[in-house]
Amino acid sequence: MVEEYINEYTFSGGLRGNASTYVTREADNELFDALQKGKFCYVLSSRQSGKSSLRVRTMSRLSEAGVECASIDLSVIDIQSATQEKWYADLIVKLIDSFDLDVNFKEWWSENQLNSSLLRFGNFLEKKLLAEIKENIVIFIDEIDSVLSLKFPTDDFFAFIRACHNLRPDNPEYNRLSFCLLGVASPSNLIEDKQRTPFNIGKAISLSGFRLHEVEPLEKGLQGKFSQPQAVMKEILYWTGGQPFLTQKLCQFMVEESVQDNPRSVEQVVKSRIIENWESQDEPEHLRTIRARILRDEQRAGYLLELYQQVRLTEEESQISADDTLEQSELQLSGLVVRQHNKLRVYNPIYQEIFDANWIENQLKNLRPYSESFRFWLASGGKDESRLLRGKALQDALEWSKDKSLNYQDTEFLAASQAKERKEEITALEKEAALERERKDREAVEKRNLVLSEANQQAKKRIHNGTFVLILTVLGAVISVTMAVKEVKEAQKKLQETYTYVAYPKQLIELKEKLSRSGKDFSEEPIEINIEKVKDSQLEQVYLHASKSLAYQYLDDWKSAEESIKQSMNFLKGWDYNNEKREKRESNSEFKQINIFAKIVQGNLLRKTNQTQSAIKAYQEVFDLLELKKSQPNPINSKTKIITFNTIKSVHFELIDLLTKYRFPQNNDLLSKVRESLKNYYDAELDNLLKNNKWEAADKLTYKLMLYIAQREEETHFDYDSINSFSCPDLQTIDRLWVTNSHKRFGFSVQKKIWKMTGNSSIQFAKAVGWYNDVKTYSVLNELIRKNPDLIGSYPVFFGSVRGFNSTDWFGNVVKGAESGTGPGLLGSVFAEEGVLIGDKFEFYKKENRGQLGPLLFSRCDSFLLALRLEL
């Protein structure tokens, strides 16, 4: 009987369900009981800690209890080429196979193609899985951390799992469905949104190491091999800390050792077969996996190594309290440390021996060549300047950092080192200049005395020459002193540049990093915070302080924001050039952009702090600057990208909003000017996009512009009245931009000619302009245009959605429906019951309790309908 245990020590992959060396831990019963009660569970632990074996054993026990189970291993799904649709399709296929469901996947998937991938997945669970399986169901999703490598966001997937739990009160069928997530990741790695995560409703299952009272199945394999198998087992657990992989492996080593003539002790076997030359003996890979996990992210590796170093140094005093910080979670997921009694400790003596202090030092040196100086500098709170780098050490560090993504502490350390070296260079230059000045003065005096002495001796004979030499000498001394003063001023200028180009950008970098850590979404903010290189140092002060104010505004630090914008305005007012220089300055695009940017930030702060009238005044100043300089090049087209079209558009919208909310008679004229100005900027941006053949972007902007002109931005579509009242001159302007820039290939007037040429036939028109059949996305349309240079009238088109309706099913089905007689087929089709475009007339049918024209189902028809109804 003993032999079967020897053969079943398994340390490569999971144990099969009936393995005799399977060790039952507290987690086994905890997970089984929770899943049997319908709870959502998750097992997030380091690799080779027994997760897969736990899953296999738990599935076996649940099946015996009448629970239907399925397991999906996400690591076997193709990650690199997986699209969102293909990924969800693979999940459904695996569930069909696991539960042996009678479902024709291809047919079912095709029938639901109008739904999103996630909605199809949800429909499958509710309408197929729960409908056909009447028992309780548990879906195990293993290697859940694989989602981190997907090229599309997966927050919706985790939110869906949470939704399955939340649906239980409304749909009792969901009480029969539970999930168990397993993998090597922390909950915050997988999903940051605490309101959507399933981890705050699920039960966390902790995997502790094997304990002596649990390892009887392993001890049986040692019986008959050693006189005191329990003592051997106890020694094995001491060295492994109960780590499942190492424990199974060391048991196997001891069984092999028992047949030797002079069997060695557990300690000797550990040192000879595991610790010594560990990299070459690490088969199957375990220790190298731990190392790779810690060092995989170079930016975070330094933190993890230093945290691990603290754990080692303070383990006896138990000073490192366990918490849920990202660094501590990552270190625990590596398997190197474990949480015991709310303290972090090294998992076992084997790890302590292999990953020792020397290993830590070597890894830190590999990460940063200046690790020792950096550590002491950090310990001093950044005050010990003797630890800053200089000379070749600094140059080596800068060279090393070129292709690295440094954290803010490294950035600060290198910036401080550069500033210190620059300061020392300036001091040396000043000292050298002073010494040179003294030398020149001394030489001048000596030469003068020499000349005077010779003059006294030969007063009459060489007085003219002596005087001449004296004058030249004194003049040389004056020139020398002047040059020395110039060198000092140059040195002082370099010192000022150090503060401009190092200190202030560093503060802005720190603020940007603070913004990224705040968890807020700033992607919709129209004003971006960038660190642009500005040629003029005083202008750069204006820009940097304004950028700091904007960052403080995003952080809701209004006091700091106000102080920074005041500094920016002070620098802006400090320009005392004469008229000629001022004119030259104001025609400069860089100054214009920075001036506008600073005043936009000022207006933004005034608006957010409810200083309405002052905000209107500030925005009006920006508007006046933009209006007065129309004769100058557009600032958004310059190389220095400080002001963008979105920024200018935002200023106009903010001013329109304020003038509308706080309407005064004197503001009516201004409101009209602002609306007209924004339309002009729209036209300019559209012209720019079309000139560069950016058809897709131009098409989307065209629709936004038309909605703006019709004042239908909030509705996002046109109705019958807005179509009839649309401005013909504006439509003609838009059409002219399209026709001119596309060389008469695209435009509303081009489409109208084609419409008339095809006899007002929607089918023939759709074919003529390339909108027929499978043209559902911009990429497909653009490829069609590329392959068919003679194709005209394809743009404007606008692929989009209105009021939640997906426009991917358009002419392909609408026109085919008309041909077969099964559906509407006229151009401009809206909700079939509500209206169709017939020739040049738009007719609609009123439904009960519905007296208004419904929104057009397909956005592109809105703009085309305008082209037909209005004269171009």
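Here is what the cut-offs are and how they apply
Throughout, a residue's number is its position along its own chain's written sequence, starting from 1. Totals for whole chains, interfaces and linings use every residue, but because this is a predicted model, local features are given only for residues with pLDDT of at least 70 and side-chain atom pairs only at 80 or more, for both listing and counting. Values shown for side chains rest on all heavy atoms present in the structure; no hydrogens or waters enter the calculation. Helix numbering and strand numbering both begin at the N terminus, where a helix is a DSSP run of H or I of at least 4 residues and a strand a DSSP run of E of at least 2. The rule is simple: take the accessible area with a 1.4 Å probe, protein chains only, and divide by the maximum for that residue type; under 20% is buried, over 50% is exposed, in between is partly exposed. What makes two residues a contact is simply this: any of their non-hydrogen atoms within 4.5 Å. Areas reported here follow the Shrake-Rupley algorithm with a probe of radius 1.4 Å; residue values treat only the protein chains shown as occluding. Patches were defined on residues exceeding 30% relative accessible area and lacking a salt bridge, with like-charge contacts within 9 Å and nonpolar side-chain contacts (Val, Leu, Ile, Met, Phe, Trp, Tyr) within 5 Å. In the sections that follow, a salt bridge refers to a side-chain nitrogen of Lys or Arg positioned within 4 Å of a carboxyl oxygen of Asp or Glu. Positive charge is attributed to Lys and Arg, negative charge to Asp and Glu, and no charge count is given to His or to the chain ends. Working definition for charges: the position is that of NZ of Lys, CZ of Arg, CG of Asp or CD of Glu. Here a strand pair is declared whenever DSSP counts at least two bridges between the two strands. Aromatic contacts are taken between Phe, Tyr and Trp rings whose centres are within 6.5 Å, Trp giving its six-membered ring; a plane angle under 30 degrees counts as stacked, one over 60 as edge-to-face, and the others as tilted. A ring is scored as having a charge over it whenever the NZ atom of a lysine or the CZ atom of an arginine sits within 6 Å of its centre and within 35 degrees of its normal. Every helix has an expected span of 1.5 Å times one less than the residues it contains. To qualify as a nonpolar core, a set must consist of buried Ala, Val, Leu, Ile, Met, Phe, Trp, Tyr and Cys residues joined through side-chain atoms within 4.5 Å. Fitting a line to C-alpha atoms yields each axis, with helices limited to the stretch in contact; the angle taken between N-to-C directions then spans 0 to 180 degrees. pLDDT measures how confident the predictor is about each residue, on a scale from 0 to 100. An angle counts as roughly parallel when it lies under 35 degrees, as roughly antiparallel when it exceeds 145, as roughly perpendicular when it falls between 65 and 115, and as oblique in every other case. The hand of a helix crossing depends on one turn: near helix anticlockwise from the far one by less than a right angle means left-handed, and clockwise means right-handed. Contacts described as polar in this section are N or O atom pairs within 3.5 Å, which, within protein, must combine one atom able to donate a hydrogen with one able to accept it, while residues neighboring in sequence count only if both atoms come from side chains.

Here we look at the overall build of the protein chain
Assigned secondary structure in the protein chain consists of 37 helices and 11 strands. For the protein chain, with 872 residues in total, the buried portion stands at 47%. Considering only intrachain contacts with a sequence separation of at least 6, the fraction spanning at least 24 residues in the protein chain is 68%. Surface exposure of the protein chain reaches about 44,700 Å², of which carbon and sulfur atoms provide 47%.

Here's the deal with the environment of Ala415
Positionally, Ala415 belongs in helix H21 (residues 408-457). A relative accessible area of 11% places Ala415 in the buried class. C-alpha of Ala415 to C-alpha of Leu388: the two residues are 27 residues apart in sequence and 9.6 Å apart in space.

Examining a negative patch on the surface
Together, Asp97, Asp100, Asp102 and Glu132 give the surface a local cluster of negative charge. Among the secondary structure elements, Glu132 is positioned in helix H6 (residues 117-132). Owing to a relative accessible area of 36%, Glu132 belongs among the partly exposed residues under this scheme.

Focus: unusual backbone geometry
Omega for the bond connecting Glu283 with Pro284 falls within 30 degrees of zero, at -10 degrees, which places this linkage in the cis form. That bond from Tyr795 to Pro796 is cis: its omega, 0 degrees, falls within 30 degrees of zero. The residue Pro796 is located in the loop between helix H35 (778-787) and strand S8 (801-802) in this model. With phi around 50 degrees, His341 is a residue other than glycine that occupies positive phi space. Checked against the element boundaries, His341 lands in the loop between strand S6 (337-340) and strand S7 (343-346). With phi around 65 degrees, Lys744 is a residue other than glycine that occupies positive phi space. Structurally, Lys744 can be placed in the loop between helix H32 (728-741) and helix H33 (748-757). Judged by its relative accessible area of 67%, Lys744 falls in the exposed class.

A short note on the pairing of strand S3 (residues 137-142)
Counted residue by residue, S3 has 6 buried out of 6 residues, so it is predominantly covered. Neither face of S3 is open: one carries Ile137, Ile139 and Ile141, the other Val138, Phe140 and Asp142, and all of them are buried. Relative to S3, strand S2 (residues 68-73) runs parallel, the two being bridged by 6 bridges. Looking across to S3, one finds that Ala70 is bridged to Ile139.

Description of the packing of aromatic side chains
This model, assessed by the stated rule, comprises 26 aromatic pairs. Both rings, one in Trp87 and one in Tyr88, keep their centres 5.2 Å apart while their planes meet at 80 degrees; by these two values the pair is edge-to-face. Centroid distance Tyr347 to Tyr351: 6.1 Å. Interplanar angle 80 degrees. Geometry classified as edge-to-face. A connected cluster of aromatic rings, assembled from ring pairs, spans Tyr42, Trp87, Tyr88, Phe121, Phe152, Phe157, Phe158, Phe160 and Phe199. In this arrangement the basic side chain of Arg273 is found over the ring face of Phe253, its NZ or CZ atom lying 3.8 Å from the centre.

Brief notes about helix H28 (residues 645-661)
In this model H28 runs 24 Å from its N-terminal to its C-terminal C-alpha over 17 residues, within 8% of the 24 Å that 1.5 Å per residue would give. For H28, the tally of buried residues reaches 12 of 17 residues, placing the bulk of the element in the interior. By the burial criterion, the buried members of H28 are Phe645, Thr647, Ile648, Lys649, Ser650, Val651, His652, Glu654, Leu655, Ile656, Leu658 and Leu659.

Brief notes about the nonpolar core
The tendency in soluble globular proteins is for nonpolar side chains to be buried as a group. Core analysis: the biggest nonpolar cluster contains 76 residues, and Phe597, Leu686, Ile734, Trp738 and Tyr795 have the highest contact counts within it. Among all residues touching Trp738, those that are not within four sequence positions of it are Leu686, Leu690, Trp695, Ala698, Asp699, Thr702, Phe746, Gly747, Tyr795 and Pro796. Counting 52 residues, the second largest nonpolar core, distinct from the first, contains Tyr9, Phe226, Val232 and Val255.

Some points on the side chain of Ser417
By the secondary structure assignment, Ser417 is in helix H21. Leaving out residues up to four positions away in the same chain, Ser417 has contacts with Leu388, Leu389 and Leu394.

A look at the environment of Phe32
As for its placement among the helices and strands, Phe32 is situated in helix H2 (residues 26-36). Spatially, the C-alpha atom of Phe32 lies 9.7 Å from that of Arg55, the residues being 23 residues apart in sequence. Residues contacting Phe32, with those up to four places away along its chain left out, are Thr58, Arg61, Leu62 and Ala65.

Side note on the sheet that holds strand S4 (residues 177-183)
Spatially, 5 strands are ordered S2-S3-S4-S1-S5 in an open sheet, and the strand pairing comes out parallel. Bordering the open sheet on either side are S2 and strand S5 (203-204), each of which pairs with just one other strand. Sheet contacts for helix H4 (residues 84-99): S2 and S3; angle to S2, the most-contacted strand, approximately 140 degrees.

Considerations on the confidence of the model for the protein chain
As a general rule, the predicted coordinates of low-pLDDT regions are not to be interpreted in detail. Here the protein chain shows a mean pLDDT of 76. Residues at 70 or above account for 73%. Element-level mean pLDDT values for the protein chain span from 31 in strand S9 (residues 805-806) up to 96 in S3. Here residues 466-471 is a poorly scored stretch, pLDDT under 50, and it has 5 contacts once near neighbours within four places are set aside; other chains count. Segment residues 576-580 is flagged for pLDDT under 50; beyond a separation of four residues in sequence, or across chains, it makes 2 contacts in the model.

Things to note about the pattern of salt bridges
When the charged atoms of two side chains lie near each other, side chains of opposite charge can form a pair. On inspection of all chains with the given rule, the structure shows 29 salt bridges. Lys787 is the salt-bridge partner of Glu783, the closest N and O atoms lying 3.6 Å from each other. Taken as a pair, Glu783 and Lys787 lie in helix H35 at a separation of 4 residues, close to a single helical turn. Residue Glu783 is classed as partly exposed on the basis of its relative accessible area of 31%. Connected via shared salt-bridge partners are Asp282, Glu283, Glu285 and Arg288.

Some details on the packing of helix H10 (residues 229-240) against helix H12 (residues 266-275)
Across the interface, H10 lies against H12 with an axial gap of 10 Å and an inter-helix angle of 40 degrees. In this view, H10 runs oblique relative to H12, as classed from their interaxial angle. Of the two possible hands of crossing, H10 and H12 adopt the one that is right-handed. Two secondary-structure elements touch here, H10 through Val232, Glu235, Ile236 and Trp239 and H12 through Val266, Glu267, Val270, Lys271 and Ile275.

What about the side chain of Gln751?
Positionally, Gln751 belongs in helix H33. The buried category is assigned to Gln751, whose relative accessible area is 0%. Engagement of the side chain of Gln751 in a polar contact is seen with the backbone oxygen of Tyr795, the distance being 3.4 Å.

Observations regarding the packing of H2 against helix H3 (residues 51-64)
Closest axis-to-axis distance for the H2/H3 pair is 10 Å, and the angle between their directions is 45 degrees. Classed by the angle they form, the pair H2 and H3 counts as oblique. Relative to H3, H2 is oriented so that their crossing is right-handed. Contacts from Ala27, Asp28, Asn29, Leu31, Phe32, Leu35 and Gln36 in H2 reach Leu54, Arg57, Thr58, Arg61 and Leu62 in H3.

Points about H10
Given a rise of 1.5 Å per residue, 12 residues ought to cover 16 Å, and the 16 Å separating the end C-alpha atoms of H10 matches this to within 8%. Each element contacted by the buried residues of H10 is listed here: helix H9 (216-220), helix H11 (244-258), H12 and helix H17 (349-354). With its phi angle positive at about 65 degrees, Gly241 sits one or two positions after the end of H10.

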